[in-house]
Amino acid sequence: MKTNILPAIKLTVFCMLFFMGIYPLLMLGIAQLAPNHGKGFMVEANGKKYYENIAQKFTDDKYFWSRPSAVGYNAAGSGGSNKGPSNPDYLKDVQGRIDTFMLSNPGINKSDIPSELVTASGSGEDPNLSVQGAMVQIPRIAKARNMEEKDLKLLVEKNIEKPLLGLFGTEKVNVLKLNIELNTLNK
Amino acid sequence: MKRQRQSKLFEPALVKEAFKQSFIKLDPRILFRNPVMFTVEIGTAVMLGVCVWILMGENTQGSFAYNFIIFIILLLTVLFANFAEAIAEARGKAQADSLRKTREDTPAKLIQPVGELYMDEIIVVSSSKLQKDDVFLCEAGDIIPMDGEIIEGIATIDESAITGESAPVIRESGGDKSSVTGGTKVLSDKIKVRVTVQPGESFLDKMIALVEGASRQKTPNEIALTILLAGFTLIFIIVCVTLAPFADYAKTSIPISAYISLFVCLIPTTIGGLLSAIGIAGMDRALRANVIAKSGKAVETAGDIDVLLLDKTGTITIGNRKATNFYPANGIDENAFIKACVLASRADETPEGKSIVELAYSRGVQAVTPHGEGHNVTFIKFTAETRSSGIDFENTRIRKGAFDAIRNLCKQAGNNFPNETAEKVRIISSNGGTPLVVSENEKVTGVIELQDIIKTGIHERFERLRKMGIKTVMVTGDNPLTAKFIAEKAGVDDFIAEAKPEDKMNYIRKEQQAGKLVAMMGDGTNDAPALAQADVGVAMNSGTAAAKEAGNMVDLDNDPTKLIEVVEIGKQLLMTRGTLTTFSIANDVAKYFAIVPALFISSIPVLQSLNIMGLHSPQSAILSAVIFNAIIIPLLIPLALKGVAYKPIGASRLLRRNLLYYGLGGILIPFIGIKLIDLVVAMFV
Amino acid sequence: MNTEITGIIFIFLTTLVLSYPLGKYIAKIFSGDKTLLDPVFNPLEKIFFRLSGIDASKEMTWKQSLVALLVINAVWFLLSMFVLMCQGWLPLNPDGNPSMTADCAFNTTISFVSNTNLQHYSGESGTTYLSQLLLMLFQFISAGTGIAACAIVFNALRERTADKLGNFYNYFLKSCTRILLPLSIVVAVILIFRGSPMTFDGKDTTISMQGDTLNVSTGPAAAMIAIKQLGTNGGGYFGANSAVPFENPDYLTNIVENASIFLIPAALVFALGFYLRRKKLAWMIFGVMTVCSLILIAPTVYYEMKGNPAIEKMGISQPLGNMEGKEVRFGPAASALWEITTTNTSNGSVNSMHDSSMPISGMNAMLGMMINAIYGGVGVGFLNFFIFIIIAVFISGLMVGRTPEFLGKKIEAREVKIAMIIFLIHPLLIMTGTALASGLAAIDAPMGWWYAGNATGWLNNPGHHGFSEMLYEYTSSSANNGSGFEGLGDGNPFWNITCGIVMLLSRFLPIVGPVAIAGLLAQKKYIPESSGTLKTDTGTFGMMVFAIIAVLVGLSFFTALALGPLAEHFTLFAK
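Residues numbered from 1 in each chain as written. Chains lettered and ligands numbered in written order. Predicted model: local features only at pLDDT ≥ 70, side-chain atom pairs only at ≥ 80, totals over all residues. Heavy atoms only, no water.

Draft legend 1. Here's a closer look at the overall build of chain C. Helices and strands together make up the secondary structure of chain C, namely 18 helices and four strands. The C-alpha radius of gyration computed for chain C amounts to 23 Å, which stays within 12% of the reference 25 Å derived for 575 residues, consistent with globular compactness. Overall, chain C is about 75 × 60 × 55 Å in size when its C-alpha atoms are taken along their principal axes. Sorting the 575 residues of chain C into buried and exposed places 74% on the buried side. (Helix = DSSP H or I, 4+ residues; strand = E, 2+ residues; numbered from the N terminus. Rg over C-alpha atoms; globule rule 2.2 N^0.38 Å. Buried < 20%, exposed > 50% of the residue type's maximum accessible area, 1.4 Å probe, protein only.)

Pasting the structure below:
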C-alpha cells in the first residue's frame with residue numbers, strides 16, 4: 001500500500017500537467033486556425049454578430065419562430081423540459097401551444113403543424129426547424145410583412161439544408177439565417 | 001445378467017419408505033443443508049402464520065381458504081423435494097441392504113499357531129472378531145468372512161452376492177488374482193486367506209456407507225452449483241423485498257401470500273429440490289454398473305477424463321494371446337522344434353506358455369521330458385532384462401523370447417540370425433501376431449506365432465469415446481509393430497508398446513503435465529502406483545489389495561471396458577444437474593408473466609397486457625403458478641434418478657440440443673402447464 | 001430510403017468497421033509491440049515513469065495491480081474533493097461561479113473518478129474552467145484505469161500458468177497516452193472546425209435580433225467533448241450535453257461523436273481476439289454484443305419515429321416523430337441510436353432528453369445499462385461481459401457433462417462465487433436504491449436536510465414515469481453511465497449521497513471481481529482443448545451467453561420495468 005502512494009501522487013501530477021495543460025493548450029492552438037478562432041460560428045447582419053447555431057427567441061409575427069425552449073432560450077443554462085410523454089401537465093402544455101399557434105396562424109390546418117413546433121427541444125437552443133415547420137408559418141409572415149406567400153416559399157426552399165451528402169440525417173432550415181434573409185428581402 | 005439392473009424406479013416398498021422420510025426431512029436442522037428448499041420451508045411457515053392470523057380475525061390478507069391452499073401447496077413443494085431425495089436414498093439403501101445380508105456374522109476358521117512345533121490350530125470365531133493380518137481357512141461351501149488375500153491354495157469362488165455374476169471365478173495365491181471379498185462363497189478347494197482390512201473397513205462396509213449417504217460429501221461441481229443457486233435465490237429475495245415499496249408507490253396493496261408465492265415460484269426450487277437426489281442417483285448408477293466409487297468426486301471426475309489407459313489383454317483382445325502356429329527354421333525338423341517349444345514352456349505359467357503346450361498337444365506331440373530330469377534341469381524364468389525364458393538341461397539350452405532378445409543372444413554367441421526367420425518374424429508382427437523366437441544352444445530353431453483376438457464391437461466403443469473427446473491408449477507388452485497393428489485394428493488413438501510398469505506411470509505423468517485428466521484400470525500390485533497417480537483409477541475387484549487401495553474405484557465385475565460406462569455415468573451426473581438448472585431458471589419467465597399482472601390487476605389494469613396466457617383471475621393465476629412449481633418436482637424425479645441421456649455427439653451439438661430441450665423447453669412448458677392448470681383451477685374459484 | 005435511417009445505419013456500421021483495426025492497434029499496445037507512435041510516446045512515458053519512481057517493466061500479481069489501482073483512485077478522490085470544494089477562489093474562474101457544497105462535490109468526485117459522469121450540477125454555472133479541466137483529466141485517467149484493468153484480464157487469459165500479469169501503471173499510462181489521447185485529438189479537431197468552442201474567454205453576452213439579451217456560455221469545450229465520448233465518460237461541458245449546438249453542432253459531428261461512444265469498447269473486443277490470438281472468440285463476443293444492441297436499437301428507433309400517440313390525438317402531425325427533448329438537426333432516429341449506444345456503453349452523454357423519449361425507448365436505455373456489457377464502458381464493459389461468460393461457461397459446461405473450462409482453465413466454486421457476487425451487486429444497488437426512493441415517494445415523506453420538501457417533490461413527472469425517473473437514476477449510477485431522466489430533482493444531499501455510494505460500489509467491485517477471477521484462473525493449470533471441451537468461440541456458445549444475459553437481466557429487473565416503462569407504455573398505447 002505505502003509503496004504505491006508516492007508513485008500514485010507523482011504520476012497524477014504528471015497526468016495533470018499533460019492532460020490538463022498540454023492537451024488543452026494544443027487544442028487551443030489548433031483552434032486559432034479554425035473559423036472565429038474556436039469561439040463558435042458567427043453570422044453577421046447589419047453589423048451585428050450572432051451565434052449561428054444558437055436559437056434566438058422570435059415572437060414577432062413577421063419572423064419565423066424557433067422551437068419552444070424549456071429554458072427560455074438561455075444559452076448559459078441549456079436544457080430540455082424533461083417531461084415524460086404521458087405526463088398530463090405536459091400534454092396540457094402542448095395542447096396550449098397548439099391552440100396559441102392556431103390563433104396566431106389563422107387559416108392553417110391543424111394537421112399541417114409539425115410536432116417540433118409545439119415541443120421543446122433538448123438543449124433549449126435548437127436553431128433549426130424542419131421545412132414543414134417553416135412552411136406552415138408562411139401565411140402568417142406573408143400577412144405581417146405584406147409579402148407574396150410564393151416568395152417566402154422560395155426563400156425557405158433556398159435555405160433548405162440538405163442531409164449530409166444528401167444521404168444522412170434530416171432536412172432542415174436554420175431559423176436565424178432564414179430571418180436574416182427575410183429582413184434583407186423585406187425591411 | 002446384472003443384479004437389479006432393470007428394477008423399477010418406484011417400487012412400492014421404496015415409495016413407502018421415501019414417503020415416511022419426506023416428513024422426517026422437514027426438520028429444519030436437516031433441511032438447512034439445502035438453502036433453496038430451506039427458504040421455501042420458511043415461506044411455508046410464514047403462510048401457516050398468516051392462516052392463523054386470519055383465523056384470529058385479520059381481514060386484509062384475503063380469504064382463509066385461499067391462504068390455506070397456498071400453504072398446503074408450499075408444504076407439498078417441500079415434501080416433493082424431500083421425497084425426491086428420500087427415494088434416491090431408499091433405492092441406494094435397498095442395494096445396501098442386500099449387500100448387508102452378506103456381511104452378517106459368518107463363522108471364520110481362524111488359524112492360530114500353537115505349541116512349540118508351531119502347528120496350526122483352527123478355531124472358529126465370529127467374522128467380526130477378525131483383525132487385520134489374521135489368517136483364516138476356507139473350504140468348499142464356506143462363506144468367506146472378510147476381505148483378504150489368498151496366501152496359499154487355489155479355489156473357485158461364487159461372487160454373485162457382490163457382483164450378481166453367477167459364473168464362478170478362480171482365485172489363487174500369488175499373482176494378480178489373489179484377492180477375495182467377504183461375503184462370497186468358496187465352491188471348491190481350500191484356501192488360506194490373510195485378512196487385509198480392519199473390522200468395519202471392508203469394501204462392503206464402505207459401499208454401504210456410501211449408498212446410504214453417510215459418507216456423502218458434496219463434490220466440487222455440486223458446491224459451485226449450490227453457490228450459483230444461492231445467488232439466484234438472493235436475486236429473487238431482492239426482487240420480492242423491493243416489490244413492497246414499488247407496490248406502495250403504485251398504490252397497490254399486495255397480500256403476504258402473493259409475495260411468498262412469487263418468491264417460491266422464482267427461486268430455483270426445481271433444481272434445488274432435485275439436486276441431492278441427482279447426486280445420490282449418480283452414485284447409485286455407478287453401483288448398478290457394479291462399480292464402487294470411493295467418493296462422489298471420483299464419479300464426477302470420470303466425466304472429465306481426457307485420456308484412458310487400457311490394458312490390451314482382456315480389454316481390447318479376448319483373454320490372452322494364444323499360440324497359433326509353429327514355424328521351424330530351415331533345416332529343423334518340425335516335430336523336434338515343437339518338442340523344444342514344449343520344453344521351453346514347461347515352467348512357463350503364463351497363459352501364453354500354457355497355450356504353446358496346448359497347441360503342441362493338439363499337433364500330436366506327447367508330453368516330453370528333458371533328458372535326465374531331476375538332475376541338471378534349471379528353469380529359466382522370464383525377466384524384464386533378458387525378456388526370454390526357457391530351460392537348461394544337460395548340454396542343452398533352450399530359450400524362447402522376443403525377437404531382438406534372442407537375436408542378441410545368438411549374436412553374442414557368434415551365430416547368425418537366419419534371414420528367413422527374420423522375415424517370418426516381420427510377417428507375423430505386421431499381421432498383429434506376436435512372434436516368439438526359439439533358440440537351442442544359441443542357434444535359432446524357429447518361431448512360434450501368438451495371435452490376439454480383438455473383441456467384437458470394441459471398435460465402436462472407441463469411436464464413441466473419441467466422440468466424447470477421450471483419447472484411448474492401449475498398454476501392452478507387445479513389440480511396437482504388433483502393438484501398432486492391434487491399435488489400428490481396434491481403433492485406439494495411441495499405444496504404449498513393450499510397456500513396463502514405470503512406462504504407464506510416465507505416460508500418465510506426461511499427460512497430466514499437459515493438463516489432461518487420466519483414467520486407468522489395473523489389477524496388479526505393480527499397477528498400484530499408476531492407479532494412485534491417475535485421476536481416476538479403477539481397480540479390479542479380483543486384483544491385489546494394493547491395487548484396490550490405490551484406485552479410487554473398484555470394479556466388481558472385473559470388466560476392463562467398464563471405464564467407458566464410468567465415464568458416461570460421470571457425464572450424465574453433471575449433465576443432469578446442468579440441464580435441470582437451466583430448466584428451472586427458464587421456468588421463471590412464464591411465472592413472471594402469470595404473477596406480476598395478477599398482483600397489479602386493480603391498481604394498474606393496463607398491465608393485463610402482460611397476461612399473455614389469458615389466465616382467468618389473479619387468484620387462479622397465482623395458484624396455477626404455485627401448483628405448477630410444486631408438481632414439476634415429482635414429475636422430474638424419474639429424470640433426476642435416471643439421468644439425462646448422454647450422447648457422444650460433440651460438446652457444441654450437445655449444448656445446442658440441451659439448450660433447445662431444457663432451455664427453450666423450460667421457457668415454453670410452464671406457459672402451457674400454467675395455462676392448463678388455470679383452466680382447471682378456474683372451475684373452482 | 002429515409003435519410004434518417006441511412007444515417008444511423010452508416011453510423012453503426014462505420015463504427016464497427018473502424019473498431020477492427022483499432023482493436024489490432026490496442027492489442028499491439030497491450031503486448032508492447034512496435035507502433036507508429038513509439039517515437040513520440042516512448043521517451044515521454046520514460047520520463048513520466050522515471051520521475052514518478054515507477055519501474056514499468058516490473059510485473060505485478062493481480063493483487064498488487066488492484067492495490068495500485070485503488071490507491072491511485074483514492075489520490076484522485078482527494079484531489080477532486082479539494083478542487084471542487086475550493087473552485088470559487090481557485091484560478092480560472094472568469095464567470096465567478098461558487099464552490100460546490102460537500103455533498104455535491106462528493107457526488108461529482110465519485111461520478112468522475114468512477115467514469116460515470118453523472119452530473120448533479122449544470123456545467124455552465126456549477127463549475128469553473130479549472131474544475132472542468134480537472135474533470136477532463138478524470139475523463140482520461142478513469143477511462144485509462146478501466147482499460148488497464150481490462151488489459152490485466154486479457155493478460156491473465158493467455159495460454160499459460162502465471163502469477164505476474166503485467167504492470168498496472170504501464171497499462172494505465174499507455175491506455176491514456178496511446179489510445180485515448182491520439183483519438184481525442186482527432187475528434188477534438190473535427191469538432192473545433194465544425195463550430196464547437198475551444199476558448200478560455202468567459203461567458204459572452206449578445207443581443208438577439210428581436211433585441212433580447214442573450215447570454216452564451218463558451219469555454220474549452222471541444223477538448224473535453226472528445227474525451228468524454230471516447231472514454232465512455234459522457235460528462236458534457238454544457239448542461240444539456242451533446243444536445244447543445246456548441247457541443248454537437250451538426251450531423252457530421254453527431255456521426256463522429258456517436259461513433260466515438262462505442263468505438264473503443266467495440267475495439268477492445270477485437271483487441272482481445274488479436275491479443276490472445278483467438279479471433280473466433282472475439283467474433284463470438286462481438287456477435288452477441290451486436291445482436292443485443294440491435295435488439296435494443298430497433299424498437300427504440302421505431303417508437304421514436306412513430307411519435308407520441310397522446311400528441312397524435314391532438315390532431316397535429318408528427319412527420320419526424322417524437323420531438324420533445326430532441327434536436328431537429330439529428331431527428332428521432334439518430335437520437336434513438338445515440339440513446340441506446342450511450343446507455344449500452346456506460347457513456348451517458350446525450351443528444352436528446354431521455355426523460356422525454358417514449359417509454360419503450362427509456363426501457364431499452366435502462367436495459368442497456370442493466371446489462372452494462374453491450375460493448376460496455378471502456379475496459380469495464382468487457383469485464384462485465386466476462387462475468388456473464390463465466391456464468392454461461394459454468395452452466396453450459398454442466399450441460400455437456402464436463403467440468404466447465406474457459407480458455408483452458410477450470411471454472412470452479414471460487415470463480416462462480418465471485419462471478420455471482422459481482423452480478424448480484426448490480427440488481428442489489430439498483431433495486432434497493434429505487435425501492436428506497438420510491439418508498440419515500442409513496443408516503444411523500446418530509447426529507448429534512450436530505451431534500452428541501454417532501455419526497456415526491458423530486459419527481460418531474462407523476463405516476464409510472466416518475467417511477468422510471470428514480471429507477472433510471474440508480475440504474476445509471478450503478479452502470480456508471482451518467483445519463484439521466486434529467487427531470488429528476490437530483491441536486492440535493494439525498495440523491496448526491498445515495499447515488500454517490502452506488503457509483504462507488506458499482507465501479508470498483510466489478511473491477512476487483514473480474515480481475516480476481518482472471519488472476520485466479522491465470523494461476524491454474526492450463527488444459528489444452530480436446531474434442532470433449534466445450535468450445536467457447538462458437539455460435540452455439542454465443543447463443544448460450546445471450547440467453548444467460550437475457551434471462552438473468554430479465555428476471556432481475558422485470559418487476560421494476562413492468563411498473564415503470566411497461567405500465568406507461570401500455571397506458572399510452574391503450575385503445
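Draft legend 2. Highlighting the nonpolar core. In terms of nonpolar packing, the biggest core is built from 419 residues, with Phe600 of chain B together with Phe172 and Trp458 of chain C touching the most fellow members. Broken down by element, the residue count for this core peaks at 20 residues, all from helix α6 (residues 129-156) of chain C. Of the residues that make up this core, three or more belong to each of domain 1 (1-39) and domain 2 (41-185) of chain A. Each residue touching Trp458 of chain C, except ones within four places of it in the same chain, is listed here: Ala437, Leu440, Met447, Tyr451, Met470, Gly487, Leu488, Gly489, Phe494 and Trp495 of chain C. Grouped together as the second largest cluster of nonpolar side chains are 20 residues, Ala340, Ala360, Val365 and Leu450 of chain B included. (Core = buried A, V, L, I, M, F, W, Y, C linked by side-chain atoms within 4.5 Å. Domains from an automatic or database assignment. Contact = heavy atoms within 4.5 Å.)

Draft legend 3. Structural context of the interface of chain A and chain C. Of the residues lining the interface, 97 residues belong to chain A; the matching set on chain C comes to 107 residues. Summed over both partners, the interface of chain A with chain C comes to about 8,100 Å²; 68% of that surface belongs to carbon and sulfur atoms. When the buried area of chain A at its contact with chain C is split by residue, Phe19, Tyr23 and Asn82 of chain A rank highest and sum to 9% of it. Connecting chain A to chain C are 40 residue pairs in polar contact (both at pLDDT 80 or more). Where the side of chain A that touches chain C is concerned, the elements lending two or more residues are α1 (2-31), β2 (48-51), α2 (88-104), β3 (128-129) and α6 (175-185) of chain A. Of the residues forming the side of chain A that touches chain C, the biggest block, 21 residues, is contributed by α1 of chain A. Partitioned by chemical class, the residues of the side of chain A that touches chain C number 50 nonpolar, 34 polar and 13 charged. (Buried area = accessible area lost by both parts, 1.4 Å probe. Polar contact = N/O pair within 3.5 Å; in protein donor to acceptor, adjacent residues only side chain to side chain. Nonpolar A, V, L, I, M, F, W, Y, C, P; charged D, E, K, R; others polar.)

Draft legend 4. Helix α3 (residues 35-55) of chain B, seen in detail. Residue and element names in this part refer to chain B. Taking 1.5 Å per residue, 21 residues should reach 30 Å; α3 reaches 31 Å between its end C-alpha atoms and fits that length. The complete set of buried residues in α3 reads Val36, Met37, Phe38, Thr39, Val40, Glu41, Gly43, Thr44, Met47, Val50, Cys51 and Ile54. With its phi angle positive at about 115°, Gly57 sits one or two positions after the end of α3. (Expected span 1.5 Å × (residues − 1).)

Draft legend 5. Examining a nonpolar patch on the surface more closely. Taken together, the side chains of Leu660, Tyr661, Leu664, Leu668, Ile672, Leu676, Leu679, Val680, Met683, Phe684 and Val685 of chain B define a hydrophobic patch exposed on the protein surface, amounting to about 1,200 Å² of accessible area. Within the element layout of this structure, Val680 of chain B appears in helix α22 (residues 651-681). (Patch = residues over 30% accessible without salt bridge, like charges linked within 9 Å, V, L, I, M, F, W, Y side chains within 5 Å. Areas by Shrake-Rupley, 256 points an atom, 1.4 Å probe, with all protein chains shown as cover. Salt bridge = Lys/Arg side-chain N within 4 Å of Asp/Glu carboxyl O.)

Draft legend 6. Here's a closer look at the sheet that holds strand β10 (residues 322-328) of chain B. Residue and element names in this part refer to chain B. What the six strands build is an open sheet, ordered β10-β15-β14-β13-β12-β11; its pairing is antiparallel. A strand with exactly one partner marks an edge of an open sheet, and here the two such strands are β10 and β11 (378-380). Pairwise comparison of adjacent strand axes, ignoring direction, gives a mean angle of 20° for this sheet. Pairing of strand β12 (residues 388-393) with strand β13 (residues 396-401), which is carried by six bridges, proceeds in the antiparallel orientation. Paired with Gly390 across the bridge in β13 is Arg399. (Pairing = 2+ DSSP bridges. Axes fitted to C-alpha atoms, helices over the stretch in contact; angles between N-to-C directions.)

Draft legend 7. Expanded view of the pattern of salt bridges. All chains considered together, the criterion is met by 37 salt bridges over all chains. Residues Glu52 of chain A and Lys177 of chain A are paired through a salt bridge, measuring 3.4 Å at the closest nitrogen-oxygen approach. Here Glu52 of chain A is found in the loop between β2 and α2, whereas its partner Lys177 of chain A is found in helix α6, with 125 residues between them in sequence. Under the relative-accessibility criterion, Lys177 of chain A is labelled partly exposed at 27%. A salt bridge links Lys109 of chain B to Asp142 of chain B; the shortest N-O distance between them is 2.9 Å. A residue pair is termed long-range when its members are at least 10 positions apart, and Lys109 of chain B in strand β1 (residues 107-114) and Asp142 of chain B in the loop between β3 (135-139) and β4 (148-158) qualify at 33 residues. Judged by its relative accessible area of 22%, Lys109 of chain B falls in the partly exposed class. Members of the salt-bridge network, linked through shared partners, are Glu52, Glu161, Lys172 and Lys177 of chain A.

Draft legend 8. Molecular detail of unusual backbone geometry. All names here are of chain C. A positive phi angle, close to 55°, is found at Arg277, a residue other than glycine. Mapped onto the elements, Arg277 comes out in the loop between α9 (251-276) and α10 (279-306). The class for Arg277 is exposed, based on a relative accessible area of 74%. Phi at Ser346 takes a positive value of approximately 60°, unusual for a residue other than glycine. For Ser346, the position within the fold is in the loop between α12 (331-344) and α13 (359-371). Ser346 sits in the buried class, given a relative accessible area of 2%.

Draft legend 9. Quick peek at the environment of Arg507 of chain C. All names here are of chain C. Residue position: Arg507 is located in helix α17 (residues 493-523). Separated by 450 residues in sequence, Arg507 and Ser57 place their C-alpha atoms 27 Å apart. Apart from residues no more than four positions distant in its own chain, Arg507 is found in contact with Val113, Ser114, Asn115, Ser142, Thr145, Gly146, Val380 and Asn480. A polar atom in the side chain of Arg507 sits 2.9 Å from the backbone oxygen of Ser142.

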